[in-house]
Amino acid sequence: MRPSASKRLVVLPALALVLSAVPTAAHAGGGRTAGGGTEGSGKGSTKGPAITAETKVTTTVNGGSRTTGTKTLTPQNSNWTPPACWYEPAFSPKEIEATVKLWRGIDGVPFLGGVGKFVGDTLDAYYKDGKYKNYNLDKQGEGMFWAAVKNPNRKDDPEANSCDKPPFWVDEGKVPDEPLAVSPKILAEYAYDELPVPGTEIEMRPADATKVNLPTWIWLDKATFKKISVTASLPGTGLSATTTAEPVSLHIDPGTSDARTYPASGDCEINADGSIGEPYADGKANATPPCGVTYLRSSGSDGSYPLRATVTWKISWTSTTGEGGGLPDGTFGATQDVKVQEIQSVNR
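Throughout, residues of each chain are indexed from 1 in the direction in which the sequence is written. At least 70 in pLDDT is required for a residue's local features to be given in this predicted model, at least 80 for side-chain atom pairs to be given and counted, and no such filter applies to totals for whole chains, interfaces and linings, which use all residues. Just so you know, side-chain values use all the structure's heavy atoms and leave hydrogens and water out.

1. Overview of helix α5 (residues 184-194)
Residues three or four positions apart in an α-helix share a direction because the helix packs 3.6 residues into each turn. Quick note on the threshold: Exposure classes here rest on a 1.4 Å probe applied to the protein chains alone. A residue is buried below 20% of its type maximum, exposed above 50%, and partly exposed in between. Secondary structure elements follow DSSP: runs of H or I of four or more residues count as helices, runs of E of two or more count as strands, with numbering from the N terminus.
Most of α5 sits out of view: 10 of its 11 residues are buried. Every buried residue belonging to α5 is among Pro184, Ile186, Leu187, Ala188, Glu189, Tyr190, Ala191, Tyr192, Asp193 and Glu194, and all of these are buried.

This is the structure:
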C-alpha cells in the first residue's frame, strides 16, 4: 500500500532528522585521493531531489582565528560569484546502509507509519538493488559516496540547489567527471567568500564639516589595510587552497558632481608602506592632498553629500597541488555623510 499524501509530505523534513543521526567520524577521504579507508560526515538533509551533506571544508585566516568587525568582498566582475554548491566525499558504504536502516526504524513513530518503508524501499532500489549493489559494502575503505554540499555563505542563493545529483561513488585515487566536484580552485573560490576584510573607515580633515573650495584630506592607516589570506582545507585529504587579498587602491566618490577629487580619477594608490593617502598636518590647509576632495558647492544648512570610499583588493590563490592563479578583484565600500558649508566672510 502506498503511503498517504500526508505521510509523503513529511518525508523531506524527516529525512534531515534521520541523516543527522547517521554514524559519523572525524575525517573524510576525498579530493585527489578519494576514499582512503576513512569515514564520511554522514550528516545531511534532503532540501531537494538529492541527499545532501554538510561541507567538511574548514578555513583558517592567516593561519589563525577569524578577526571581528570584518566585511565580505564583492567581486568586481558582476558575472562571477564563488560557488554556491559543490560535491565532496560524504558517505561511506556503511553510512549509506545505516541511513536506510534508520529510515525503516521510524515506522514506529506516531504519524510516520509506512513512510520509513516507502523511503527505505526507494533508497534500496538505487543503492542496494539498482545502480549500486548492496551499498558497495564490498568496497568499504576503497572509496566514498560523494554528495552535494552548500556553501554556508550562500545557502539562500538559488544556485545552491543546482547540485542535485544523488550521492555517487568515487573510487580511491580517482577524480569524478563532474565540473562541480571539489577541487583546489573550488576551495580557493570558497576561501574568497571567507576573506574577512576590514571595513572602509577613512580619516578626513576637516573631520566634522568642510568648507566650499577647501581641500579635504583623506587617508587610511597602513596598520588596517594590509594583505590577508584564507586557507580552505578538506580534512583527511591533504587538499587545500590559500586565497590572498591585497589592497591596491581606494576610490573616492564625493557624492556630487560639484566636486574635484585628488587624483582627478578619484583612485588613490597604495603607498609603499601600505598606507593610502597622507595624514593632514598643520600648515597644509591650502595644499593639494595626494588623496582627497574639494567640494565646489555647499550641501545646504541641513544637507550633506554621501561620500563613498571603496577599497579594491587584488585576489590570487595557490594550492597544495601546485595549481593557482588569479580570481576577480574584490571591493568593499562604505558611505559617510559630509557636510559642506559656505566660507563665511565679513563685509566692512
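Don't stop here, the text continues.
2. Focus on the pairing of strand β18 (residues 292-295)
For a regular strand, side-chain orientation follows a simple rule: the groups alternate between the two sheet faces. The condition is simple: A strand pair is defined by DSSP finding two or more bridges across the two strands.
With burial as the criterion, each face of β18 is covered, one bearing Gly292 and Thr294 and the other bearing Val293 and Tyr295. Across 2 bridges, strand β12 (residues 216-220) lies against β18 in antiparallel orientation. The partner of Thr216 across the bridge, within β18, is Val293. With 4 bridges joining them, strand β15 (residues 259-262) and β18 adopt antiparallel strand pairing. What sits directly across from Tyr262, in β18, is Gly292.

3. Remarks on the nonpolar core
Note the following rule: As used in this record, nonpolar core signifies buried Ala, Val, Leu, Ile, Met, Phe, Trp, Tyr and Cys residues forming a set joined through side-chain atoms within 4.5 Å. The contact criterion used throughout is that any non-hydrogen atoms of two residues lie within 4.5 Å.
If you look at the biggest cluster of nonpolar residues, it comprises 72 residues, and the most contacted ones within it are Leu73, Ile218, Leu250, Leu307 and Trp313. The element contributing the most residues to this core is strand β19 (residues 305-319), with 7 residues. Sequence-distant contacts of Trp313, defined by excluding residues within four places in its chain, comprise Leu73, Val197, Pro198, Phe225, Lys226, Ile228, Ala245, Glu246, Pro247, Asp329 and Gly330.

4. Examining the side chain of Glu178
Heads up, the rule is: Polar contact criterion, stated in full: a pair of N or O atoms within 3.5 Å, where within protein one must be able to donate a hydrogen and the other to accept it, and residues adjacent in sequence count only if both atoms are side-chain atoms.
Take Glu178: it is sitting in the loop between β8 (168-171) and α5. Within the local environment of Glu178, its side chain forms a polar contact with the side chain of Lys165, the two groups lying 2.5 Å apart. Here the side chain of Glu178 touches Leu180 through a polar contact of 3.0 Å, landing on its backbone nitrogen. Not counting the four nearest positions on each side in its chain, Glu178 is found in contact with Tyr87 and Lys165.

5. Here's the deal with helix α4 (residues 115-127)
Stated precisely, the cut-off is as follows: Expected span, for any helix, means 1.5 Å times one less than how many residues it has. Note: the arc covers the axis-to-C-beta directions of the helix.
The end-to-end C-alpha distance of α4 is 18 Å, a good match for the 18 Å that 13 residues give at a rise of 1.5 Å each. When we look at burial in α4, the residues that qualify are Val115, Gly116, Val119, Gly120, Leu123, Asp124 and Tyr127. Summarising the axial view, the buried residues of α4 lie within an arc of 155 degrees, below the 170-degree limit, and thus occupy one face.

6. Some remarks on the packing of aromatic side chains
The geometry of an aromatic ring pair is captured by two quantities: the separation of the ring centres and the angle between the planes. Applicable threshold: For Phe, Tyr and Trp, where Trp contributes only its six-membered ring, two rings pair if their centres lie within 6.5 Å, and the inter-plane angle classes them as stacked under 30 degrees, edge-to-face over 60, or tilted in between.
Scanning all chains against the criterion turns up 11 aromatic pairs. For the ring pair Trp217 and Tyr280, a centre distance of 5.8 Å and an interplane angle of 70 degrees mean the geometry is edge-to-face. Pair noted here: Trp217 is in strand β12 and Tyr280 is in the loop between β17 (276-277) and β18, with a separation of 63 residues, a long-range link. Between Tyr295 and Tyr305 the ring centres are 5.2 Å apart and the planes differ by 5 degrees, which places this aromatic pair in the stacked class. Note that Tyr295 is positioned in strand β18 and Tyr305 in strand β19, a separation of 10 residues in sequence. On the basis of relative accessibility, which here comes to 0%, the residue Tyr295 falls in the buried class. In this structure an aromatic cluster arises from ring pairing among Tyr126, Tyr127, Tyr132, Phe145 and Trp169.

7. Focus: the state of the cysteines
For clarity, the cut-off: For this text, the term disulfide refers to a pair of cysteine sulfurs within 2.5 Å.
For the coordinates displayed, the defined rule picks out 2 disulfides. The disulfide that involves Cys85 links it to Cys163, with 2.1 Å between the sulfurs. Linking Cys85 and Cys163, the disulfide has an S-S dihedral of approximately 85 degrees and is accordingly described as right-handed. Note that Cys85 is positioned in strand β6 (residues 85-91) and Cys163 in the loop between β7 (143-150) and β8, a separation of 78 residues in sequence. A relative accessible area of 3% places Cys85 in the buried class. Each disulfide of the protein chain joins two cysteines, and with those cysteines numbered along the sequence the arrangement is 1-2, 3-4.

8. Comments concerning unusual backbone geometry
Cis geometry is adopted by the peptide bond preceding Pro206, which originates at Arg205 and carries an omega value of 0 degrees. By the element assignment, Pro206 lies in the loop between β10 (203-205) and β11 (209-211). Residue Tyr262 is joined to Pro263 through a cis peptide bond whose omega torsion reads -5 degrees. Structurally, Pro263 can be placed in the loop between β15 and β16 (267-269). The phi angle at Asn134 is positive, at roughly 50 degrees, despite the residue not being glycine. Structurally, Asn134 can be placed in the loop between α4 and β7. At Tyr135, a position not held by glycine, the phi torsion is positive, near 60 degrees. Along the chain, the position of Tyr135 falls in the loop between α4 and β7. Of the residues examined, Tyr135 reaches a relative accessible area of 5% and is grouped as buried.

9. So, the side chain of Thr243
Residue position: Thr243 is located in strand β14 (residues 239-253). There is a polar contact of 2.7 Å between the side chain of Thr243 and the backbone oxygen of Ala188.

10. Side note on the pattern of salt bridges
Rule in force here: Put simply, a salt bridge is a Lys or Arg side-chain nitrogen that is within 4 Å of an Asp or Glu carboxyl oxygen.
One pass over the structure, following the stated rule, counts 11 salt bridges. Note that Arg205 and Glu203 form a salt bridge whose closest N and O atoms lie 3.9 Å from each other. Look at Arg205 and you get partly exposed, because its relative accessible area is 36%. Its relative accessible area of 35% is what places Glu203 among the partly exposed residues. A cluster of three or more residues bridged by salt bridges with shared partners is formed by Arg104, Lys117, Asp121 and Asp124.

Keep in mind these numbers describe shape, not what the thing actually does.
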